[in-house]
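# Observations on chain architecture
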Amino acid sequence: MGSWRSESLRLVGNASIALAWENGKLTRCAVTADQAYEGEVVYGEMRQAVKLEKGETVMLDAVLQLLES
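This is a predicted model, so every value here is computed, not measured.

Our focus in this paragraph is the overall build of the protein chain. Of regular secondary structure, the protein chain possesses zero helices and seven strands. Counting from the amino terminus, helix and strand elements in the protein chain follow one another as β-β-β-β-β-β-β. Taken over 69 residues, the protein chain has a buried fraction of 29%. Look at the contacts in the protein chain between residues 6 or more apart in sequence, and 24% of them connect residues 24 or more apart. Carbon and sulfur atoms provide 49% of the accessible area of the protein chain, an area that totals close to 4700 Å².

Put into structure tokens, the structure is as follows:
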């Protein structure tokens, strides 16, 4: 289900994001907070609000829905 690609991608607000792609399309992503983080992940027309505590990670699928951890 796609390879993880993360080249030090940072989100505004001290969080990082790792992306997995297959055939040029996002398959999933992981957002990890360096400190408490509240923001939004946007991919095309899709949006997902993310609120994390320090060190917490959330996984999103290709349509930015939360995956069970």
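Counting 14 residues, the largest nonpolar core has Cys29, Val31, Val41 and Val50 as its most contacted members. Among the secondary structure elements, those contributing two or more residues to this core are strand S3 (15–22), strand S4 (25–33), strand S5 (37–43), strand S6 (46–52) and strand S7 (57–61). A total of four residues in this core trace back to one element, the largest contributor, which is S4.

Note on placement: Thr57 falls in strand S7. For Thr57, a relative accessible area of 40% gives the class partly exposed. Separated by 23 residues in the primary sequence, Thr57 and Asp34 place their C-alpha atoms 9.6 Å from one another. Here Thr57 is in contact with Ala30, Val31, Thr32 and Leu52, once residues within four sequence places are set aside. Polar side-chain contacts of Thr57 include one of 2.8 Å to the side chain of Thr32.

What counts and what doesn't
- Residues numbered from 1 in each chain as written.
- Predicted model: local features only at pLDDT ≥ 70, side-chain atom pairs only at ≥ 80, totals over all residues.
- Heavy atoms only, no water.
- Helix = DSSP H or I, 4+ residues; strand = E, 2+ residues; numbered from the N terminus.
- Buried < 20%, exposed > 50% of the residue type's maximum accessible area, 1.4 Å probe, protein only.
- Contact = heavy atoms within 4.5 Å.
- Areas by Shrake-Rupley, 256 points an atom, 1.4 Å probe, with all protein chains shown as cover.
- Core = buried A, V, L, I, M, F, W, Y, C linked by side-chain atoms within 4.5 Å.
- Polar contact = N/O pair within 3.5 Å; in protein donor to acceptor, adjacent residues only side chain to side chain.

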